[in-house]
Amino acid sequence: MAILNRFQDIISANINAIIDKMEDPEKMIDQYLRDMMEDLAEVKQNTAGVMAEETKSKRLVDENEAEVMKYTNFAKKAIESGNDDDARVFLAKKQELEDIGTGLAKSYASAHENASKMRQMHDKLASDIEKLRGRRSMIKAQMSVADTQEKLNDVSDSIGKTKGAMSAFQRMEEKASRRLDEANAMSELNQEPEDPAKSLEEKYTSQGSAAVEDELSRLKDELGK
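Residues numbered from 1 in each chain as written. Predicted model: local features only at pLDDT ≥ 70, side-chain atom pairs only at ≥ 80, totals over all residues. Heavy atoms only, no water.

Asks: Can you help me understand the pattern of salt bridges in this one?
Replies: Oppositely charged side chains can pair when the atoms bearing their charge come close. Inspection of every chain in the model, using the stated rule, returns nine salt bridges. Of the charged contacts in the structure, one is a salt bridge between Lys70 and Glu67, with a shortest N-O distance of 3.3 Å. Taken together, the positions of Lys70 and Glu67, both in helix H4 (residues 25–80) and three residues apart, correspond to about one turn of that helix. In this structure Glu67 comes out as partly exposed when scored by relative accessible area, which is 29%. Put simply, Glu130 and Arg133 hold a salt bridge, and the shortest N to O gap is 3.3 Å. Within this pair, Glu130 and its partner Arg133 are both found in helix H5 (residues 84–190), separated by three residues, close to a single helical turn. On the basis of relative accessible area, Arg133 is assigned to the partly exposed category, the value being 33%. (Salt bridge = Lys/Arg side-chain N within 4 Å of Asp/Glu carboxyl O. Helix = DSSP H or I, 4+ residues; strand = E, 2+ residues; numbered from the N terminus. Buried < 20%, exposed > 50% of the residue type's maximum accessible area, 1.4 Å probe, protein only.)

Next comes the structure, spelled out in structure tokens:
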């Protein structure tokens, strides 16, 4: 029976240790659970057959023992009746049945051992499946919390980046304003101071032109022009 060949592996398996070694428990745990469910279905199917075989073997042993006891009693009665030859026949039959009983006992012992192993595997698999389901629920809940935390972290990072961008923009705006103020101040410093004489120059330049006109008229009068 193929399932009995995996008896030691199934019995010795530590479900918690197996889960802890999984690289991606959330995905792998479902596949492992499916495998265990298949094993459990196979164990159930085979266990029913093995238990039926055990029951049959036990019945044959009991029937054989009853036959042995029956011929033992017949031999006693034959001896009590003084029929030793009859007693020998009954004892020969008894020994024949005892030889058969030895084989039946071995068959029963083997069937009983197999049935015991099958029941152990069934109980172990059923227990491991329940543990696995419990761990799966816990792991999925933890992964859900982790996903939510990652999303919150992403939102926080985005907010942080937005704040950083606004801060950088404000710094650039302040820097631009400062440069403009500095440029305006430099422009004022580069202007030459106003010369009072220059501001009066036009006034007196226009007066000089009038004097020339007067002198021109005077000369014309002298020349009779």
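Asks: When you look at the layout of surface pockets in this model, what are you seeing that I'm missing?
Replies: The rolling of a water-molecule-sized probe over the atoms marks out the regions of remaining empty space. Considered as a void within the structure, the largest pocket measures approximately 150 Å³ in volume. Looking at the largest pocket, the residues that line it are Arg6, Asp9, Ile10, Ala13, Ile15, Tyr32, Asp35, Met36, Asp39, Leu125 and Asp128. Elements supplying a minimum of two residues to the lining of the largest pocket: helix H2 (7–12), H4 and H5. Residue contributions to the lining of the largest pocket peak at four residues, all from H4. Each residue belonging to the lining of the largest pocket can be placed in one class, and the counts come to six nonpolar, no polar and five charged. (1 Å grid on protein atoms, 1.4 Å probe; cavity = no way out; pocket = protein on both sides within 12 Å on 5 of 7 lines; lining within 4 Å. Points joined across faces, edges and corners; volume = space filled by probe spheres on them. Nonpolar A, V, L, I, M, F, W, Y, C, P; charged D, E, K, R; others polar.)

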